[in-house]
Amino acid sequence: MREAAAREPPLEIQDREIKKTGKLDRRVLPQNSKARFVPTFGAAAPGPPLDRPIQAPQTVSTPNFTSVMLDEAGPVPPDTMGAIGPDNFLTTVNGRVRAHDKATGATGALDAPDSEFWAWVVEGAGGFVSDPRVRFDRLSDRWFLIVLDVPSNVGGNGSRILIARSDGPHITASTVWSFFYFDQDLALPAGDPGCLPDYPTLGIDRNALYIGANVYCGPNLANLSFSNTSAWVVRKSDLLKPTTPANLVSTPGAVTAFRGLLDVSLAGPYTPQGVDNYDPNATRGYFIGVDGASFGALVLREIDAPGSGSPTMSANLPLTVPATASPIDVMTPGGGVLLDGIDDRLMAAHLRGNQIWTSHQIEVDAAGVAALGGGRNGTRWYSIDVSGALPVLTQAGTVFDPSATNPLSYWMGSVMVSGQGHVAMGVTAASPVVPPAAATAGRLAGDPLGTTQGTPTVFHAGEANYSIGALYGSRWGDYSMTTLDPCDDMTMWTIQEFAATPGASPINWGARVVRLLAPPPAAPTTALPASIGVGQASLSVTITGNTAAGAGFYDTPAFGMSSCRTRIAASLGNGVTVNSVTLVNPSTVVLSLNTLGATPGPATVTITNPDGQSRSAGVLTLVPVPVVSGTKTVSGTFAQLGAIAYTVTLTNSGAGAQGDNPGHEFSDTLPSSLTLASANASGGTIGTTGNMVTWNGSIPAAGSVTITIGANINAGTAGQIVSNQGIIGFDANADGVNETSVFTDDPGVPGTSDPTVFQTVSGPLAFYTVAPCRVLDTRDATGTPALIAGADRAFTIIGNCGIPPSAKAVSVNLAVTGPTLAGHLRLHPGGTAIPLVSAINYAAGQTRANNAVLFLNAAGQIGVFCGQTSGTVHFIVDVNGYFQ
């Protein structure tokens, strides 16, 4: 194709109009008796003005470029068509297929005459291709194009619908295109022999391609009369298979025809428009068209099981809409033949969130109401709810010019809705004093139903008068396209015809492409909390923004997107890392932040929507925070009626001071085996209630507080294991609330020892020291194996290292080493029940030590239970004294 483009001869204007001597005249249709003569439907009652100026809801942006001109293509009309993909805007018009760089508009790797592009599957010499359509299918990440193959001998043979599919999302010099076709009359059930499917439309979803057409029949190309309308459902899975033959009719179930959609009264969908749908779970397809029998009505047809190879079509599902009328041909500067308004057929259709959006041109008066003799064309758009058994009109509006003299006509309009619910339209705008220009209009999701914002914005003015003259008639259009970016689900692009400066030809059309930006993100206004602490691995902040003028936060859906999907993002200064951004609604996002190593001070929050637009504001402050931990030890006589003392040290290792906040900075409830005797602290305020000790006060950065708790061991507690932990509360995010709590030496947390565990004895015991001596080591060569996961083993202590048979307990230093997995040890007198409290905890491969008092059974043994899920650990005991 590149070689063909390089050797192209000079172009001559080609008339690709298909001569239809028996064209269906829709100008004389009756009006639906239920249709109301109003310009809008669903609009709210008049109220206060909007909170923003009336303006174009989407910003005309760059690239804004002319894609193809008549001098480069040749045919009249261009049948303006294009679509946006991950990297390219792909234009396909009569005479040319051209890809552009998405960022710059520069012509890309594909640039060829349409005759060269489709040469593989055209039926034969002498004909031509016409009525091109293109879609980027975000569900398969593929490009799909169709075109009508018009043979020279139509009437003898039926014509073909040609289909092209790319091998990937990126159009490059190495892109491989697969080509398919079906003869419209041979697709089963066969019919309409020798007829031509004029103005083929295209819709695509996860299951199929939906192609509709007006069928014309006759003896030859110059003598065709309207017959009826038909639709074809092409199974998409066959188009994606590399082994599917080009002739789709040869693959059973690949293409199914539905013929004769209009009944004898012509009721049914005229120019049935296939409906695009991005839903990855879609099970039903749609065609929609204006009613063939009356104005003020649309007709829907549902397709069930579209991907099965044997789809079925519903009966007509009629829908009353505001009154419509056939559009007029448009007068433009320079005189000559009026530009063709075609008729009131629908231009394109798109399904999003159970709503089908579509549009067409109709004649209206200065109030936007359908009227014969209204003197101008308006673009009427619809939003139709298809969630129920019957379609329901949600809203409708009209883009029109109310001027009394020389009003602009808006026609050839196509409509698209974004993931945010905003709407954009592209139209041709022209009048007796304004050359045909490319324009855009739209609405925001929050606008009153049925309304369109302001006067359409001309994004490229007509450069010259467009007077074709009698030679080529009044051809203009025959359609346009507005598409949605498959990466961000926000940006819309439209391609529209305009009158270009004449070049080699006495007239010249151009196809203009523009990017339409969505409103920016909401401007951040508040953060909750407004201050956060540094040194935190994960904390949440809720950002609220101002959604005036349609601004809002947005994130692309997790499913139904192209692989180029982009996401909402956030950034902060001061060295803060954003872990994640969660969209709540258009005015709210939740940020998960990491402030480890961050710098205190005011921080700017920047929210970036998937389309790359950002808003920033200094709504957050980073502050130094306390990091409080505690150690707890116990000493005294561990016998009934004995006195013990707990020593608790609270240390603030953070950069911020811990304040005396509401609630307690420390609390400790002693177990029932103890009775609280006293409590004091080196600062702050001590409180006692029953067996509960509380402390309140501030701890400066790098400061500490010592709390001493005295208690007596109650009678009747001999042999009980006593363990309790204090609870520290501190303000880890500097908001004045102690939202963070930690334990002092919690034995339930692996890797943390608990020196406050002890076991009571029946009476006073005397303590005797011995020279530190290793009484047990499972690593030695004496045959003592390592402890085994889940096993409880007994070890004899008396008789070793000077421990006499009269010893009731020993004071030891415990150690573990070489554990194969994380675990803990629970120690107890040999042969007694295994306690629930651990004496030492460890991680895999870790060496840890702890001090303990171990009570012995009558045989002088201790029991050791290994709390690992599997594997082994070595156990070492050094004795430094005993009790008797």
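Residues numbered from 1 in each chain as written. Predicted model: local features only at pLDDT ≥ 70, side-chain atom pairs only at ≥ 80, totals over all residues. Heavy atoms only, no water.

Below, the discussion takes up the overall build of the protein chain. Along the protein chain, the regular secondary structure elements total four helices and 61 strands. For 884 residues, the compact-globule formula gives about 29 Å, and the C-alpha radius of gyration of the protein chain, at 40 Å, lies well above that figure. Along the longest, intermediate and shortest principal axes, the C-alpha atoms of the protein chain span 125 × 60 × 55 Å. The burial tally for the protein chain puts 57% of its 884 residues in the buried class. When the accessible surface of the protein chain is summed, it comes to about 31800 Å², and 55% of that surface belongs to carbon and sulfur atoms. (Helix = DSSP H or I, 4+ residues; strand = E, 2+ residues; numbered from the N terminus. Rg over C-alpha atoms; globule rule 2.2 N^0.38 Å. Buried < 20%, exposed > 50% of the residue type's maximum accessible area, 1.4 Å probe, protein only. Areas by Shrake-Rupley, 256 points an atom, 1.4 Å probe, with all protein chains shown as cover.)

Another point: the sheet that holds strand E58 (residues 840–842). Here four strands make up an open sheet; going across it, the order is E55-E60-E57-E58 and the pairing antiparallel. The open sheet is flanked by strand E55 (792–796) and E58, the only strands paired with a single partner. Sheet twist, expressed as the average angle between the axes of neighbouring strands with direction ignored, equals 25 degrees. Two elements, strand E57 (residues 823–829) and strand E60 (residues 861–866), share five bridges in a ladder whose sense is antiparallel. Paired with Leu827 across the two strands is Val864, which belongs to E60. (Pairing = 2+ DSSP bridges. Axes fitted to C-alpha atoms, helices over the stretch in contact; angles between N-to-C directions.)

Moving on: the confidence of the model for the protein chain. For the protein chain, the mean per-residue pLDDT works out to 91, and 93% of the residues sit at or above 70. Here residues 1–12 is a poorly scored stretch, pLDDT under 50, and it has 21 contacts once near neighbours within four places are set aside; other chains count. Within the model, pLDDT remains below 50 along residues 45–54, and this stretch shows twelve contacts once partners closer than five positions in the same chain are excluded. (pLDDT = per-residue confidence, 0-100. Contact = heavy atoms within 4.5 Å.)

Looking now at empty space enclosed by the protein. Evaluation of the coordinates by the stated rule reveals two cavities of 30 Å³ or more. Approximately 220 Å³ is the volume attributed to the largest cavity. Lining the largest cavity are 20 residues, and of these Val757, Leu827, Ala839, Val853 and Leu854 sit closest to its centre. For the lining of the largest cavity, the element with the highest residue contribution is strand E59 (residues 848–855), accounting for six residues. When the residues that make up the lining of the largest cavity are grouped by side-chain class, the tally is 13 nonpolar, six polar and one charged. Approximately 150 Å³ is the volume found for the second largest cavity. If you trace the second largest cavity, you find 16 residues lining it, with Arg135, Phe136, Tyr278, Thr483 and Leu484 closest to the centre. Residue assignment for the lining of the second largest cavity shows that the elements contributing at least two residues are strand E4 (82–84), strand E8 (128–137) and strand E31 (481–484). Among the elements that make up the lining of the second largest cavity, the one with the highest residue count is E8 (four residues). Tallied by class, residues from the lining of the second largest cavity come to ten nonpolar, two polar and four charged. (1 Å grid on protein atoms, 1.4 Å probe; cavity = no way out; pocket = protein on both sides within 12 Å on 5 of 7 lines; lining within 4 Å. Points joined across faces, edges and corners; volume = space filled by probe spheres on them. Nonpolar A, V, L, I, M, F, W, Y, C, P; charged D, E, K, R; others polar.)

Moving on, we get to the sheet that holds strand E34 (residues 523–528). The antiparallel open sheet is built from four strands, whose spatial order is E34-E36-E39-E38. Here the strands that pair on one side only, and so sit at the sheet edges, are E34 and strand E38 (577–585). With strand direction ignored, the average angle separating the axes of adjacent strands in the sheet is 30 degrees. In the sheet, E38 pairs with strand E39 (residues 588–594) via seven bridges, with the strands oriented antiparallel. From the neighbouring strand, Asn585 faces E39, where its bridge partner is Thr588.

As a further point, take unusual backbone geometry. Cis geometry is found at the peptide bond from Thr62 to Pro63, where omega equals 0 degrees. Inspection of the secondary structure assignment puts Pro63 in strand E2 (residues 59–69). A cis geometry characterises the amide bond from Val76 onward to Pro77, with omega recorded as 0 degrees. As for its placement among the helices and strands, Pro77 is situated in the loop between strand E3 (75–76) and E4.

Here we come to the side chain of Gln640. With respect to the secondary-structure elements, Gln640 resides in the loop between strand E42 (628–636) and strand E43 (643–652). Judged by relative accessible area, Gln640 falls into the buried class, the value being 19%. Reaching out from Gln640, the side chain makes a polar contact with the backbone nitrogen of Thr717 at a distance of 3.3 Å. (Polar contact = N/O pair within 3.5 Å; in protein donor to acceptor, adjacent residues only side chain to side chain.)

On to the nonpolar core. Counting 49 residues, the largest nonpolar core has Leu90, Phe117, Trp118, Leu145 and Trp177 as its most contacted members. Listed in part, the 47 residues of the second largest apolar core include Ile161, Leu262, Tyr286 and Leu298. (Core = buried A, V, L, I, M, F, W, Y, C linked by side-chain atoms within 4.5 Å.)

Applying the stated rule across the entire model yields 17 aromatic pairs. Seen in terms of ring centroids, Phe136 and Trp143 are 5.1 Å apart; in terms of plane orientation they differ by 65 degrees. Their pairing is edge-to-face. Residue Trp143 is classed as buried on the basis of its relative accessible area of 0%. An aromatic cluster is built from Phe117, Trp118, Trp177 and Phe179, whose rings are joined through pairwise contacts. Note that Arg345 overlies the ring of Tyr199, its terminal NZ or CZ placed 4.4 Å from the centroid. Here the basic side chain of Lys632 rests over the ring of Tyr646, its NZ or CZ set 4.4 Å away from the ring centre. (Phe/Tyr/Trp six-rings, centres within 6.5 Å; stacked < 30°, edge-to-face > 60°. Lys NZ or Arg CZ within 6 Å of the ring centre and 35° of its normal.)

Across all of its chains, the model carries three disulfides by this definition. One disulfide in the model links Cys487 with Cys564; its S-S distance is 2.1 Å. Judged by the sign of its S-S torsion, about -100 degrees, the cystine formed by Cys487 and Cys564 is left-handed. Separated by 77 residues along the polypeptide, Cys487 in the loop between E31 and strand E32 (492–499) and Cys564 in the loop between strand E36 (539–546) and strand E37 (569–572) bring together distant segments of the chain. One disulfide bridge connects Cys773 with Cys801, the sulfur atoms lying 1.9 Å from each other. (Disulfide = S-S within 2.5 Å.)

What follows is about the pattern of salt bridges. Using the criterion set out here, one finds 24 salt bridges in the structure. A salt bridge links Asp111 to Arg96; its shortest N-O distance comes to 2.9 Å. With Asp111 in strand E7 (residues 107–112) and Arg96 in strand E6 (residues 96–101), this pair connects stretches of sequence that are 15 residues apart. An identical accessibility class is assigned to Asp111 and Arg96; each is buried. Taken together, the salt bridges that share partners define one network made up of Glu72, Arg96, Arg98 and Asp111. (Salt bridge = Lys/Arg side-chain N within 4 Å of Asp/Glu carboxyl O.)

Within the element layout of this structure, Pro506 appears in the loop between E32 and strand E33 (509–517). For Pro506, a relative accessible area of 68% gives the class exposed. Taking the C-alpha atoms as reference points, Pro506 and Asn574, separated by 68 residues in sequence, lie 63 Å from one another.

Turning to the environment of Ala173, a few remarks are in order. Residue placement: Ala173 occurs in the loop between strand E10 (160–166) and strand E11 (177–183). Among the residues examined, Ala173 registers a relative accessible area of 55% and is labelled exposed. Ala173 sits 73 residues away from His100 along the chain, and the two C-alpha atoms are 13 Å apart.

Attention now moves to the environment of Leu765. Its location among the elements puts Leu765 in the loop between strand E52 (758–759) and strand E53 (767–777). Leu765 sits in the partly exposed class, given a relative accessible area of 27%. As for Leu765 and Phe37, which are separated by 728 residues in sequence, their C-alpha atoms are 104 Å apart. Residues contacting Leu765, with those up to four places away along its chain left out, are Lys808, Phe855, Phe883 and Gln884.

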